[in-house]
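# Breakdown of the fold
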Amino acid sequence: MTNFTPTEMMTIAAARALSNDDVCFVGIGAPSAACNVARLTHAPDITLIYESGTIGTAPEVLPLSIGDGELCETALCTVSVPEMFRYWLMGGRISIGFLGAAQLDRFGNINTTVIGDYTHPKVRLPGGGGAPEIATSCGEIFITLKQAPRSMVNTIDFFTSFGHGEGGDHRQRLGISTKGPTLLITDLAIWRPDPESKEFTVRSLHKGVTRQQVQDNCGWPVRFAASVEETPEPTELELGTLRDLQARTAAAHRGDAR
Amino acid sequence: MAEFLSLHDAVQRNLRDGDMVAFEGFTHLIPHAAAHEAIRQGIRDLTLLRMTPDIIYDQMIGMGLARKVIFSYAGNPGVGLLRRMRDAIEHSYPRGIETVEHSHSAMAQAYEAGASGLPCAVFRGYKGAGLKEVNPDIKSVICPFTGEELAAIPSHRPDVTFIHAQKASEKGDVLIEGIIGVQKEAALAAKRVVVTVEEVVPSFKGLHPNLTILPHWTIDAVAVVPGGAHPSYTYGYYARDNAAYLEWDKISADREAFSAWMEANVLNAGPEVFVQRVEALR
């Protein structure tokens, strides 16, 4: 397929990173789309968990919120919110936490709390929700967001959730034993942290994307891996699955499907 | 002991100026009708407690009822920001509010600790998180057995908790199913509990033995308000009105549009309007 948008490429590249055996804690928005495309294509047995307490959910349409009825109706089981966080998240049962971000830095630290000063914010964002403990309790963290200089910044305004901190072994120094961010998927590229410094490094460019474009849409000086690959473009099945899902979702959220 | 009351009387007898109050519901079963009744009664200086203050707290803050908000995610779920709450934080309109911010994990466990009669919740959390720097309620304790440093926060003990549920029995026992959220913990942590329900049934005999039930002797008042969670939803009764959540983003973006909407749909309305609002969603 040659006719696809950068956002579609991002969602499909993110979906490919998930496997059948994963137990994935799903953030709303872009992560939710990617996780469900994975489930509807190559990973039919993936366990998707939303923080509302739904375990092993398989929604027909993407939920608008983390607690839409669809999630509970299609789940293997639904537990209380304290149980979700205590036994399942902090008990270490989740292999991958999939997060979006308002602001992200090169070490995978995320801000979804405020733009500007915390006490006198320029913009008050919704806040972290489950993210502070998702970031430290899941086996590893995948992040997905659209690139822009104002979202990929040199210094985030607030540490909503901890990635690799200042880089290197900062997580271990804080007593965090999980891997943290291991993958960043944007609308332009696939990034992985450098094994030593933990700085996100471009490993693959989506088809037609230049290094200059990646740099123009990123607020820090971008590092590229020694060999940069090209992300395979979406297959007909992947793209069809995503578009069908989004069409069903749009109809349901307008209220004309229920 | 649960008393069956009109929503007006249930709110008037249980919610007072200056109270710490939780209107809980995790996307599902949000007690909209009860919050609207509190707004109509003009109750002041509330400390609002909730994991996910969404539209109802946006409305209560926008109408000037709140002095302080304790929360973990202040957004219109899946849509965006809470515009009235932002206006209060960013511009002190219609009044400034104090905010105390936690993570979901912390909030859920603070309710659980409150329900357990404990002074604090202890958990492996907030590692590397910025909230520790801005919320003095986030402290740490050392595990006496392993020496591990763990996060500790005070338990939640609201003066009153409001929740919405599917059914009450004639005795006033309350049944909740679907996404059960944190309502059981929020109710058992509170000094007083008010529940709005879709309907009253003779008894719960013959139902699955593991349904979430609050016995009548844990509840102060039950008010029957069919549709009382709208635009949130009640599993088994009506679906979430996602279009209304999308619409709220526009209404709440403008101070005058907000006031006009509140005037027409809350101040000059009563709990009986909810049944019509969910008609097309059943």
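Refer to the structure printed above.
Everything quoted here is computed from the prediction, not taken from an experiment.

## A closer look at the overall build of chain B
A tally of regular secondary structure across chain B gives ten helices and 15 strands. Scaling as 2.2 N^0.38, a compact globule of 282 residues should have a C-alpha radius of gyration of about 19 Å, and chain B matches this with 19 Å. Taking the principal axes of the C-alpha coordinates as reference, chain B spans close to 55 × 50 × 30 Å. For chain B, with 282 residues in total, the buried portion stands at 61%. Accessible surface, chain B: about 10,500 Å² in total, of which carbon and sulfur atoms supply 51%. If you average the places of the 27 positive and of the 34 negative side-chain charges in chain B, the two averages end up 3 Å apart.

## Thoughts on the sheet that holds strand 5 (residues 96-99) of chain A
All names here are of chain A. In space, the ten strands of this open sheet follow the order 4-3-2-1-5-10-11-12-13-14, with mixed pairing throughout. With one partner strand each, in any of the chains shown, strand 4 (77-78) and strand 14 (223-230) form the two edges of the open sheet. Across three bridges, the pairing between strand 1 (residues 23-26) and strand 5 is parallel. Bridge pairing in strand 5 links V26 to F98. Strands in contact with helix 2 (residues 30-40) are strand 1, strand 2 (47-50), strand 5 and strand 10 (140-144); relative to strand 2, the strand with the most contacts, it is inclined by about 155 degrees.

## A few points about the packing of helix 1 (residues 7-14) of chain B against helix 2 (residues 32-40) of chain B
Angle between the axes and distance between the axes are the two parameters that describe a pair of packed helices. All names here are of chain B. Contact pair helix 1 / helix 2: the axes reach a minimum separation of 10 Å and the direction vectors enclose 65 degrees. The two elements helix 1 and helix 2 meet at a crossing, and its hand is right-handed. Between helix 1 and helix 2, the residues in contact are L7, H8 and V11 and A33, A34, E37 and A38, respectively.

## A look at the packing of aromatic side chains
All names here are of chain B. In total, this model carries ten aromatic pairs over all chains according to the counting rule given. Measuring from centroid to centroid gives 4.6 Å for F23 and F162, while their planes differ by 5 degrees, and the two rings are stacked. With F23 in strand 2 (residues 20-23) and F162 in strand 11 (residues 160-169), this residue pair connects regions lying 139 residues apart in the sequence. Assigned by exposure class, F23 and F162 land together as buried. Counting every residue linked through ring pairs, the aromatic cluster contains F23, Y57 and F162. Just above the ring of Y93 sits the side chain of R255; from NZ or CZ to the centre is 3.6 Å. Its guanidinium or amino end placed over the ring of F274, R277 lies 4.9 Å from that ring's centre, counting from NZ or CZ.

## Description of the interface of chain A and chain B
Each partner contributes residues to the interface: chain A has 44 residues there, and chain B has 49 residues. Interface of chain A and chain B: buried area, both sides summed, is about 3,700 Å²; carbon and sulfur atoms make up 63% of it. For chain A, the biggest contributors to the area lost against chain B are L64(A), R124(A) and P126(A); these three give 18% of the whole. Residue R124(A) pairs with E101(B) through a salt bridge whose shortest N-O separation is 2.7 Å. One can count 16 residue pairs in polar contact (both at pLDDT 80 or more) joining chain A with chain B. When residues of the side of chain A that touches chain B are traced back to their parent elements, those giving at least two are helix 3 (69-73), helix 4 (81-89), strand 9 (121-124), helix 5 (131-137) and helix 8 (236-254) of chain A. Across the side of chain A that touches chain B, the residue classes break down as 19 nonpolar, 16 polar and nine charged.

## Side note on empty space enclosed by the protein
As enumerated under the stated definition, the model contains one cavity of 30 Å³ or more in all. Taken together, R124(A), L125(A), P126(A), A74(B), L82(B), M85(B), R86(B) and I89(B) form the lining of the largest cavity. The leading source of residues in the lining of the largest cavity is helix 4 (residues 83-91) of chain B, at three residues. Split by residue class, the lining of the largest cavity holds six nonpolar, no polar and two charged.

What counts and what doesn't
Residues numbered from 1 in each chain as written. Chains lettered and ligands numbered in written order. Predicted model: local features only at pLDDT ≥ 70, side-chain atom pairs only at ≥ 80, totals over all residues. Heavy atoms only, no water. Helix = DSSP H or I, 4+ residues; strand = E, 2+ residues; numbered from the N terminus. Rg over C-alpha atoms; globule rule 2.2 N^0.38 Å. Buried < 20%, exposed > 50% of the residue type's maximum accessible area, 1.4 Å probe, protein only. Areas by Shrake-Rupley, 256 points an atom, 1.4 Å probe, with all protein chains shown as cover. Lys, Arg positive; Asp, Glu negative; His and termini not counted. Charge placed at Lys NZ, Arg CZ, Asp CG, Glu CD. Pairing = 2+ DSSP bridges. Contact = heavy atoms within 4.5 Å. Axes fitted to C-alpha atoms, helices over the stretch in contact; angles between N-to-C directions. Left-handed = near helix turned anticlockwise from the far one by under 90°. Phe/Tyr/Trp six-rings, centres within 6.5 Å; stacked < 30°, edge-to-face > 60°. Lys NZ or Arg CZ within 6 Å of the ring centre and 35° of its normal. Buried area = accessible area lost by both parts, 1.4 Å probe. Salt bridge = Lys/Arg side-chain N within 4 Å of Asp/Glu carboxyl O. Polar contact = N/O pair within 3.5 Å; in protein donor to acceptor, adjacent residues only side chain to side chain. Nonpolar A, V, L, I, M, F, W, Y, C, P; charged D, E, K, R; others polar. 1 Å grid on protein atoms, 1.4 Å probe; cavity = no way out; pocket = protein on both sides within 12 Å on 5 of 7 lines; lining within 4 Å. Points joined across faces, edges and corners; volume = space filled by probe spheres on them.

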